[in-house]
Every structure is written in structure tokens, then in C-alpha cells.
2 protein chains.
Amino acid sequence: VNIAAARAEGLARRILEAEGVAAEPAGIQARWLVEAELRGHPSHGLQRLPMVVQRIRSGVSSPNAAPVVSWSTPACATVDGAGGLGPVVMRHVAALTAGRAREHGIALAAVSNANHLGLLALYVEELARDGLLAILTTVSEALVHPHGGAEALVGTNPLAVGVPAEPEPFVLDMATSATSMGRVLNARRTGAALQDGWAVDAAGRSTTDADAAVALSPFGGAKGYALGLALELIVGTLTASALGRAVTGTLDAESVCNKGDVLICVDPGRLAQPPRGESVSAYLEAIRHSLPTDGEGPVAVPGDRARERKRRRLDAGLDLPDSLWAELEALNPNLMENPA
Amino acid sequence: VNIAAARAEGLARRILEAEGVAAEPAGIQARWLVEAELRGHPSHGLQRLPMVVQRIRSGVSSPNAAPVVSWSTPACATVDGAGGLGPVVMRHVAALTAGRAREHGIALAAVSNANHLGLLALYVEELARDGLLAILTTVSEALVHPHGGAEALVGTNPLAVGVPAEPEPFVLDMATSATSMGRVLNARRTGAALQDGWAVDAAGRSTTDADAAVALSPFGGAKGYALGLALELIVGTLTASALGRAVTGTLDAESVCNKGDVLICVDPGRLAQPPRGESVSAYLEAIRHSLPTDGEGPVAVPGDRARERKRRRLDAGLDLPDSLWAELEALNPNLMENPA
């Protein structure tokens, strides 16, 4: 089905409200799911809504709980998400952390007990638009094998970085796995082959057979492994949350979500020296206008393509799989209008 | 020639002292070069000493200058390295930043006008041994092409992360390029082929011909490019230093070194909640003892192999190429004893 983004967002919000979620958290969660659809990350899009609802019903998510923010120093907070929705907790935390960064130059929040954050890009993009440099990371279930290993022991641990720039901020948002578990599951359903380098079998050898895959590979070999593990340790050290195989609750409906999240904000205005070189924006423009690989399209800066997809989908609407639509309908048939 | 590490360090120190470098900065610079040799990173080892000396002679390095540290907030410093030796400036900055992190939970230093930092691992390892989480990054000359691009526009921008753990801290230290320019230059000399994925030709296509290579590739494709660029922007934004092709002075003897460096330290003790999961150290041990890829050796954690190499070389001595020895001898023949 094709549905306008605003309408999809309204429906998602009303589905959540029907589960007892207050208007504000329902609106934030709905926006985060639809932004992921707009930017071309359906794995963080509306297909997660049924899980969000089931987690509320099973009591492992407390969508109306207020996060408890404790500033152990003026620049450092530990946050108990109180089982709240990830976007609701992190958006609140981002606003507070931004305020502290403006005061102290830098601020950090170490969050535990919040549900799946969803699209990381949106948090750091909003912060970068407000003039702040932002670094955000979080931990997932252990799905990735160590470089040279055969067992899934590290999360897909994404990293997001937002840097103020004109006309648009720089927005990096990437998992440290070579692919997502969603793609492997999809290949299992359709019988398609995996790309070489995406996953390993039980002997730790790269496999293109989705049924034989037991762990995702880190992107970029030893370096991607090292980066993903570093992020897991940063989060584990600062939030005292679960690590490795002990992590639960971002992929299922019944487990408490026990991973942590870490946000660092820096206000460049509290540090700046007179610019001595090319500005960040001019540098990014030079990259965009540099010579592309022979036969390829223009060179992109992280964030460009997602922004372009969003522009297109705001015009053309979201194309959602019929099966997803049926699933959303099943959540609360009274709320769904016929989109056709 | 084979030479004991302590002796190599003493010789390097004396070569620097003969150039007018005071005992303390000479000792720090010498230690940084020899640590790189010990850990198996000769590109950051004694082969850099002739360049360090030439830069002092040409006046673009001021080895006895004192860095000027300005705390714009209690947790944020801008540092003018005053043209000092990289390890001398950064070690000083690391100690001050660590102290501020202990007070305020987190602290950041944005450094400009310091020479090449050398081995990043050593700074973050020392900080992690002192109980601090440390993130350090710096920028190099533009040697890496954007993903999908054909021009060298991004630095090899390394990232180092230290995390306290027992029995040894976690130490990540990696460039965001797939290989080093040193390896490409070496392949040009010997006529050896490059590995596929290391570099591209003028059309932006992967090449194994070292003579045709015009830019290093980022590690891990689009994600490695995004990471390297994010680091360049973080440094550029916070230090107002040069970006991209404007960066000079880490590979030559005549240019002022105009890149920046950024260090963030966090004191987990100012944040910790009661641990709820497996501890970081136990998690790392579990990874080390996990199932390796069929036929491979044990799984390693970043820092393990460098530590093992260091142990071996402290016993067996450093094997330096004869040509390097001759070069060091030429710097100051009076100081060099026959190592045999």
C-alpha cells in the first residue's frame, strides 16, 4: 500500500494511544518510526510497531514512565530510562545534554533501562541543527562474531555522529555489522544467497547460505570488529548495562531491555579558535563536487542520500508491504482506515 | 641490526638532545618512537626520527616550546601546541585532561599546532591504566578517497579508544584507511602488487598496481569512509585546524603541521551505577576464550597482539633494517655506537 508519511505517522500515534500511551510519547515514537521509513531504513520503521505494542502489552515497556536523570557532575548524567520508549527517553536526554553542553562545553549522558532507540540519525541531526556536535552509540543483542571468531558475541552496535554544517548537517549513522540480521532472516525466507562477507557459519567461515549463518560479520574485518567492541565497552563501562550475550529486549516482546546508550554533546562555540583553514561546510561541498569513480554517480557525504530519499518519499508517500499493513491493522482494526 | 629497546631509546634521545631538545621532551619523543617499534608499528617508529630531526632543523618544529592550554570551560580546553613535538604536547594535554575528567566526569582537549602524535595507542593505554575511558583522534594529510570517489580528500584519520579492564586495558588504535601510504610506497620500490581494496587509480577503480595508485581506500567501504570523514570533521570543528588537502606537515620536513587532535576523557567512577551485567573484563575474557574460526589461532581483543609483540621484542631486541640504522647514524655519527 502507498500511504502519505503524515498519515502513517498519525495512524502509528493512534495505535499507540489506543494502548494507553499518552499523546506526547506516542507522537515521538510514531515520528521516529516514520522518519526511518522516509530515510530508507525500514528495519527501524513501522515494522517495529507491532513489537513496540507487544512490549507494552507484556509489561516490559512502560511508555508513560518518566526517565530519572541524575547529574553526578554538572556535565555528566546517569539516566534510568524507567522502561520508557527509546525515542521518548533519548529525545528528553538529548535536550538536557545539549543544554549542559552549552553551559560546560561538553556533556555526557549514560542511559540504561530505555527501550530500542530506533533511528539514531534523527537525534544527532537535530542536535547538529542546533549547532552541537553529537556522538551517540548504543548496544544490541550479540549478533556479530569477533574477527577470527565463530560465535556471536558482540552487538551490531551502531554509531551516530552529527556535525553542524551548511546547508545540511553531516549525519553519520551506521551499524558496525556488515549487514543486518533482518537481511539474513529475509534471505532465509526467500531462499536468496547472502553476500560474501556478511555472515559466518558455525565454523566461523564466511557463508552465503542464510540457513548456515550463525553470526553476522563485522564490517571491514578486524577494524570494524574493534570499533563495534569499543562501542560495546564504552556503553558497558559508563552505563553498567548488560554486555554481549547478556543483552536482551531489543528484538523480542517479553524481555526487559537491558542495554545501555551513551550520548556525548559538544558545543563548538565554547571551544572555537579563529578558523585557520577551509570551513567544514566548504570541505563537504568540495567532497560532493569531487571526481566520482568512473561511471558512478556523484560522491555523497553521509546523510545526503537519506535526505534525498526523505524528500522523495514526502512527495510520493511510503510504499509499505501489504503484509506489514495487515499486521498494523491486526493491532487495532478500529483505527485503520482503508488507505486506498 | 638487532638492538635492545632500551638502548635504541637512549640513542634516539641523545640524537634529539644533540639537536638542542631538552632532556624531558627528547625522552618522551624517543619513548614514543621505540614503543611503536616494540608494538609492531614501524611506520610510527624510528624511521620517523630523521624527519623529526629535519623538522627541528628547518624550524617548523619547536621541540622545547611549552603548549598553551586555555580552559574555556572547566571541562574544555583549547590547546596551542606552539609547534611542539606531538608526543610531548599530547602527553601534557592527556595529564591535564585526565585531571579535569576526574573532577567533572568528562573533559575534552582540542589541540592545534602540535607535530605528529605518533603511536596513539600509548596515550589511551596510559589513561585507561589510570582508570579513565579515553577517545583520541587526529587528522593526517588527505590520502584517502571518498567512497565512490577518485580523489584523495580525507585523511587516514586514526581513532584510538582505551577502556579500563583487567588484566590489561582494552586498546583500540586504527587508521580509517585500508592500508598505509607507507605500504604503497614500499610496493612501488619493490614492485610488489597491492592487495585488492587498498587503493584506487585515477579513475577511482581499485588497483593492485602501486604505480597507478592515486589514493588509499577507506577500510570497510562506505562505512569506513563515513567514519574517517566524521573524525576529520570532529577535529576540524573543534580545533579550527586545516581539513582535507589543506593539511600539511606530518609527512614532510618543511611545512608547518596544521592538523588538529581531539582527546576526550571520561571517569567512569563519576558515573557508575551498580553493575548489572557481566563486567567488562569478564566479557573480554569470554571473547578471548570463544571459538575461533576453524583452523585459526585464538580470538584476540584489540591491544592483545601488540602487547604480545612488545613482550617478545623486549626480550629479543628490535630488528631494525640496516638502511634505517645508516640513516640514524648519518643524523649524528658521534652518538652512534656500533650495535654489534
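Model, not experiment: these values are computed from the prediction. Along each chain, the written sequence defines residue order, and numbers are assigned to residues from 1. To read the labels, note that chains go from A and ligands from 1, taken in the order they are written. pLDDT decides what is reported in this predicted model: residues at 70 or higher carry local features, side-chain atom pairs at 80 or more are listed and counted, and totals for whole chains, interfaces and linings draw on all residues regardless. For side-chain calculations, the full set of non-hydrogen atoms in the structure is used, while hydrogens and water are omitted.

1. Description of the overall build of chain A
Moving on, step 1. Each helix and strand in chain A was counted, giving 10 helices and 11 strands.
Moving on, step 2. For the radius of gyration, the atoms used are the C-alpha atoms, and the globule rule reads 2.2 Å times the number of residues raised to 0.38. For chain A, whose C-alpha radius of gyration is 20 Å, the value lies close to the compact-globule estimate of 20 Å for 340 residues.
Moving on, step 3. Projected onto its principal axes, the C-alpha coordinates of chain A cover approximately 60 × 45 × 45 Å.
Moving on, step 4. Across the 340 residues that make up chain A, the buried fraction comes to 58%.
Moving on, step 5. Note on definitions: a residue-residue contact is assigned when non-hydrogen atoms from the two residues lie within 4.5 Å. For chain A, long-range pairs separated by at least 24 residues make up 66% of all intrachain contacts whose partners lie at least 6 apart in sequence.
Moving on, step 6. For chain A, the separation between the mean place of its 29 positive charges and that of its 37 negative charges on side chains is 2 Å. Helix and strand definitions here come from DSSP, where helices need a minimum of 4 consecutive H or I residues and strands a minimum of 2 consecutive E residues; each element is numbered from the N-terminal end. Buried means the residue's accessible area, taken with a 1.4 Å probe over protein chains only, is under 20% of the maximum for its type, while exposed means over 50%, and partly exposed covers the values in between. Residues counted as positive are Lys and Arg, residues counted as negative are Asp and Glu, and His and the chain ends are not counted. Where a charge lies is defined by one atom per residue type: Lys uses NZ, Arg uses CZ, Asp uses CG and Glu uses CD.

2. Remarks on the relation of the copies chain A and chain B
Moving on, step 1. Of the two same-sequence chains, chain A is brought onto chain B (RMSD 0.0 Å, axial shift 0.0 Å) by a rotation of 180 degrees. Classification of the inter-copy transformation places it as that of a two-fold axis. Across chain A, the smallest distance between a C-alpha and the rotation axis is recorded for glycine 220 of chain A, namely 1.8 Å.
Moving on, step 2. Taken as a fraction of all interface residues of chain A, those also at the interface in chain B reach 100%, which identifies the copy contact as same-surface. When the copies are superposed, the least-squares fit draws on C-alpha atoms of residues that have pLDDT of at least 70 in both.

3. Examining the interface of chain A and chain B
Moving on, step 1. Opposite the 84 residues of chain A that make contact, chain B presents 85 residues.
Moving on, step 2. Buried area between chain A and chain B, both sides added, is near 6600 Å², and the carbon and sulfur share of it is 68%.
Moving on, step 3. Measuring nitrogen to oxygen at the nearest pair gives 3.0 Å for the salt bridge that ties arginine 205 of chain B to aspartate 294 of chain A.
Moving on, step 4. Any N or O atom pair separated by 3.5 Å or less is treated as a polar contact, with the protein-specific requirement of one donor-capable and one acceptor-capable atom, and with residues adjacent in sequence counted only for side-chain atom pairs. Counting the contacts that link chain A with chain B gives 24 residue pairs in polar contact (both at pLDDT 80 or more).
Moving on, step 5. In terms of residues, the side of chain A that touches chain B owes the most to one element, helix α7 (residues 221-239) of chain A, which gives 14 residues. The buried area of a pairing is the accessible area, by a 1.4 Å probe, that goes missing from both parts when the two are put together, added over both. Whenever a carboxyl oxygen of Asp or Glu lies within 4 Å of a side-chain nitrogen of Lys or Arg, that contact is scored as a salt bridge.

4. Notes on the sheet that holds strand β10 (residues 260-266) of chain A
Residues and elements named next belong to chain A.
Moving on, step 1. For two strands to count as paired, DSSP must find a minimum of two bridges between them. The mixed open sheet is built from 7 strands, whose spatial order is β2-β3-β4-β10-β5-β6-β7. Of all strands in the sheet, those with a lone pairing partner are β2 (68-73) and β7 (170-174), marking the two edges. Within the sheet, the average angular offset between the axes of one strand and its neighbour, ignoring direction, is 10 degrees.
Moving on, step 2. Here strand β5 (residues 133-138) runs beside β10; their pairing, made up of 6 bridges, is antiparallel. Counterpart to threonine 137 in the pairing with β10 is valine 262. To get an axis, a line is fitted to the C-alpha atoms, and for a helix only the part in contact is used. The angle between two axes follows their N-to-C directions and goes from 0 to 180 degrees.

5. Here's the deal with the packing of α7 of chain A against helix α8 (residues 280-288) of chain B
Moving on, step 1. One way to put it is that α7 of chain A packs onto α8 of chain B with a least axis distance of 10 Å and a crossing angle of 155 degrees. The pairing of α7 of chain A with α8 of chain B is recorded here as roughly antiparallel in orientation. Here the hand of the crossing between α7 of chain A and α8 of chain B comes out right-handed. Each of Tyr225, Leu229, Glu232, Leu233, Gly236 and Thr237 of chain A in α7 of chain A lies in contact with α8 of chain B, whose residues at this interface are Val280, Tyr283, Leu284 and Ile287 of chain B.
Moving on, step 2. Asp, Glu, Lys and Arg are counted as charged, while Ala, Val, Leu, Ile, Met, Phe, Trp, Tyr, Cys and Pro are counted as nonpolar; the rest, among them Gly, fall into the polar class. Across the contact of α7 of chain A with α8 of chain B, the residue classes break down as 7 nonpolar, 2 polar and 1 charged. Throughout this description, any angle smaller than 35 degrees is read as roughly parallel, any larger than 145 degrees as roughly antiparallel, any in the 65 to 115 degree range as roughly perpendicular, and the remainder as oblique. If you view the pair so one helix is near and one far, a crossing is left-handed when the near helix is turned anticlockwise from the far one by less than a right angle, and right-handed when it is turned clockwise.

6. Here we look at the confidence of the model for chain A
Interpretation of this model should avoid reading the predicted coordinates in detail wherever pLDDT is low.
Moving on, step 1. Along the chain, pLDDT gives the predictor's confidence residue by residue, from 0 to 100. Taken over all residues, the pLDDT of chain A has a mean of 94, while the share at 70 or more is 97%.
Moving on, step 2. Interface confidence for the predicted complex, given as ipTM, is 0.97, next to a pTM of 0.97.

7. Considering the pairing of β10 of chain A
Moving on, step 1. Across the 7 residues that make up β10 of chain A, a large majority, 7, are buried.
Moving on, step 2. Where burial is concerned, the two faces of β10 of chain A agree: the one with Gly260, Val262, Ile264 and Val266 of chain A and the one with Asp261, Leu263 and Cys265 of chain A are both buried.

8. Focus: helix α3 (residues 49-57) of chain A
Residue and element names in this part refer to chain A.
Moving on, step 1. Residues Leu49, Pro50, Val52, Val53, Arg55 and Ile56 constitute the buried set of α3.
Moving on, step 2. Buried residues along α3 sit in contact with α1 (5-18), α2 (23-39) and α10 (322-331).
Moving on, step 3. With its phi angle positive at about 85 degrees, glycine 59 sits one or two positions after the end of α3.

9. Here we look at the pattern of salt bridges
Moving on, step 1. Going through the model one piece at a time under the given rule, you end up with 38 salt bridges over all chains.
Moving on, step 2. Its salt-bridge partner being glutamate 151 of chain B, residue arginine 245 of chain B comes within 2.8 Å of it at the nearest N-O pair. Placement of arginine 245 of chain B in the loop between α7 (221-239) and β10 (260-266) and of glutamate 151 of chain B in the loop between β5 (133-138) and β6 (159-163) is noted, with a sequence separation of 94 residues between them.
Moving on, step 3. A residue is classified by how much of its surface remains accessible, and arginine 245 of chain B, at 55% relative accessible area, is exposed.
Moving on, step 4. When salt bridges with common partners are traced through the structure, they connect Glu35, Arg39, Glu125, Arg129, Glu168, Glu285, Arg288, Asp304, Arg307 and Lys310 of chain A into a single cluster.

10. Examining the pairing of strand β4 (residues 106-114) of chain B
Residues and elements named next belong to chain B.
Moving on, step 1. Buried residues dominate β4, accounting for 8 of its 9 residues.
Moving on, step 2. Sheet analysis places strand β3 (residues 76-84) next to β4, joined by 6 bridges and oriented parallel. Bridge pairing in β4 places alanine 77 opposite alanine 109.
Moving on, step 3. A crossover counts as right-handed when, viewed with the strands pointing away from the observer, the path leading from the first strand over the helix to the second turns clockwise. A crossover links β3 with its parallel partner β4, the connecting element being helix α4 (residues 86-104), and its sense is right-handed.
Moving on, step 4. Note: β4 against β10, 7 bridges, orientation antiparallel. Bridge assignment links alanine 107 to a residue of β10, and that residue is cysteine 265.

11. Focus: the side chain of glutamate 19 of chain A
Residues and elements named next belong to chain A.
Moving on, step 1. On the secondary structure map, glutamate 19 appears in the loop between α1 and α2.
Moving on, step 2. Looking at glutamate 19, its side chain comes within polar contact range of the side chain of arginine 57, at 2.7 Å.
Moving on, step 3. Setting aside anything within four residues of it in sequence, one finds glutamate 19 in contact with Val53, Ile56, Arg57 and Leu331.

12. A word on unusual backbone geometry
Moving on, step 1. Across the junction of glutamate 166 of chain A and proline 167 of chain A, the peptide omega takes the value 0 degrees, indicating a cis bond.
Moving on, step 2. Mapped onto the secondary structure, proline 167 of chain A falls in the loop between β6 (159-163) and β7.
Moving on, step 3. For asparagine 113 of chain B, which is not glycine, the phi dihedral falls at a positive 65 degrees.
Moving on, step 4. Its relative accessible area of 24% is what places asparagine 113 of chain B among the partly exposed residues.

13. Focus on the nonpolar core
Most often, soluble globular proteins keep nonpolar side chains buried together rather than apart.
Moving on, step 1. Core analysis: the biggest nonpolar cluster contains 101 residues, and Leu108 and Leu229 of chain A together with Leu108 and Leu229 of chain B have the highest contact counts within it.
Moving on, step 2. Residue contacts for leucine 108 of chain A: discarding those within four places in its chain leaves Trp71, Ala75, Cys76, Ala77, Thr97, Leu238, Val262, Leu263 and Ile264 of chain A together with Ile106, Val266 and Leu271 of chain B. The definition of a nonpolar core used throughout is a set of buried Ala, Val, Leu, Ile, Met, Phe, Trp, Tyr and Cys residues joined through side-chain atoms within 4.5 Å.

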